[in-house]
Amino acid sequence: MSVRLSPGHRLKKSPKDEDPNRDSASPFRREKRKSVIKKVPKNIGRWGRALKGAKDSGMVRTDSSDSIVQAMQDSSPDKLIDLIKNHPTCKTYVAAKTRFKSVDKMWLFTFLELDGLSVIFDTLNTLAKQKNFRIADAMVQLECVSLVKTVLNSKTGLEFFLERDDYIDQFAHALTTKNVMVKKQIFELLSALCYNSQRGYDMALEALQIAKNQKGLKNRYNLLVGELRSSEIPDYSATIMAFINTILVSTETESGDGKERDVTPG
């Protein structure tokens, strides 16, 4: 039996007859569809994710950070303190460190008299207390410690630091952070203080004592032993061992009685 089709009538093609490489949408729709698809890299890397997290959290700003850096270039001590206090970002602290390289003795002394070093420690310890630890916070903490190092590398900064007892508490609080790289740099600073003078040696031991009380430990050296046992980073372990050796050498130099030789838990 034959089937007659009326003029203009078209047979519907079965799915098997369809060209699999042909898009059923019109060329306009295909072009529009391509334009709205966002290409997201599947693997941006660890530092790419870190930078993205820092920007999302506000720790790394791209809008006003350039103007802040510009303002720091010839800033006065009080102006720089205001900037690092109100804009605690990586770029701010890097710019501050650059500014310190071009200041004279009077400028640095004024900065210290205005309690600028405490402002840096306040930012460091505030980030250390946060429960939700972020990579962006770790980056800012590292820049804080780096700026402290820059200040203490000068004779004026070191002499001022050694005369202030409240800095001992701030060092001890910095040791409570979860950021291993920050603690590594703090232990390096404590080692340098031990080598510098008897006063620096006393401050380093007092910082360990305060940290011991904060953590409820029996011995001030338990902190060091605990860090060694839990450390998975060879450089960090080496830094702690160097600090312990510095304590031993400094003790032998100052007293010769070896009272601080036993650094194992009692």
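Residues numbered from 1 in each chain as written. Predicted model: local features only at pLDDT ≥ 70, side-chain atom pairs only at ≥ 80, totals over all residues. Heavy atoms only, no water.

Trainee: Would you explain the overall build of the protein in this entry?
Mentor: On a plain count of helices and strands, the protein comes out with 14 helices and zero strands. In the protein, which comprises 266 residues, the proportion classed as buried is 41%. Summarising the internal contacts of the protein: among those between residues at least 6 apart in sequence, 67% fall at separations of at least 24. (Helix = DSSP H or I, 4+ residues; strand = E, 2+ residues; numbered from the N terminus. Buried < 20%, exposed > 50% of the residue type's maximum accessible area, 1.4 Å probe, protein only. Contact = heavy atoms within 4.5 Å.)

Trainee: Explain the state of the cysteines here, please?
Mentor: Defined simply, a disulfide is a covalent bond joining two cysteines at their sulfur atoms. Inspection of every chain in the model, using the stated rule, returns zero disulfides. Of the cysteine sulfurs around Cys90, a residue in no disulfide, the closest is that of Cys144, at 8.7 Å. Cys90 sits in the buried class, given a relative accessible area of 11%. (Disulfide = S-S within 2.5 Å.)

Trainee: It is not clear to me how the nonpolar core should be interpreted in this structure. Could you clarify?
Mentor: General note: in soluble globular proteins, nonpolar side chains tend to be found buried as a group. By size, the foremost hydrophobic cluster in this structure holds 62 residues, and its most contacted members are Phe161 and Leu190. Top contributing element to this core by residue count: helix α12 (residues 198–215), with eight residues. With residues near it in sequence (within four places) discarded, Phe161 still touches Leu117, Phe121, Leu152, Tyr167, Phe171, Leu193 and Met203. (Core = buried A, V, L, I, M, F, W, Y, C linked by side-chain atoms within 4.5 Å.)

Trainee: What is the right way to read the packing of helix α4 (residues 77–86) against helix α7 (residues 116–128) from this model?
Mentor: Packed helices, taken two at a time, are described by the angle their axes make and the gap between the axes. One way to put it is that α4 packs onto α7 with a least axis distance of 10 Å and a crossing angle of 5°. When the axis of α4 is compared with that of α7, the two are roughly parallel. Packed against α4, whose contacting residues are Ile81, Ile84 and Lys85, the element α7 presents Gly116, Val119, Ile120 and Thr123 at the interface. In the contact of α4 with α7, the residues fall into four nonpolar, two polar and one charged. (Axes fitted to C-alpha atoms, helices over the stretch in contact; angles between N-to-C directions. Parallel < 35°, antiparallel > 145°, perpendicular 65-115°, else oblique. Nonpolar A, V, L, I, M, F, W, Y, C, P; charged D, E, K, R; others polar.)

Trainee: Looking at this structure, I do not really get unusual backbone geometry. What am I missing?
Mentor: Comment: phi is negative for the bulk of residues other than glycine, and the bulk of peptide bonds are trans. In this model, Asp115 sits at a positive phi of 65°, which is unusual for a non-glycine residue. In this fold, Asp115 is placed in the loop between α6 (105–113) and α7.

Trainee: Got a minute to help me understand the environment of Phe161 in this structure?
Mentor: Examined against the element boundaries, Phe161 turns out to sit in helix α9 (residues 155–162). Taking the C-alpha atoms as reference, Phe161 lies 9.2 Å from Val151; in sequence the two are 10 residues apart.

Trainee: How should I be thinking about the pattern of salt bridges in this particular structure?
Mentor: Note on pairing: side chains with opposite charge can pair once their charged atoms come close. A complete count under the given rule lists seven salt bridges for this structure. Two residues, Asp165 and Arg199, come together in a salt bridge whose shortest N-O distance is 2.4 Å. Separated by 34 residues along the polypeptide, Asp165 in the loop between α9 and α10 (166–174) and Arg199 in helix α12 bring together distant segments of the chain. Residue classification places Asp165 among the exposed positions, given a relative accessible area of 52%. Among the ionic pairs, Glu227 bridges to Lys183, the shortest N-O distance being 3.2 Å. With Glu227 in helix α13 (residues 222–230) and Lys183 in helix α11 (residues 180–196), this pair connects stretches of sequence that are 44 residues apart. Taking relative accessible area as the criterion, Glu227 reaches 11% and is therefore assigned buried. Residue class for Lys183 comes out buried when judged on its relative accessible area of 8%. Several salt bridges share partner residues, and in doing so they unite Asp115, Arg164 and Asp166 into one network. (Salt bridge = Lys/Arg side-chain N within 4 Å of Asp/Glu carboxyl O.)

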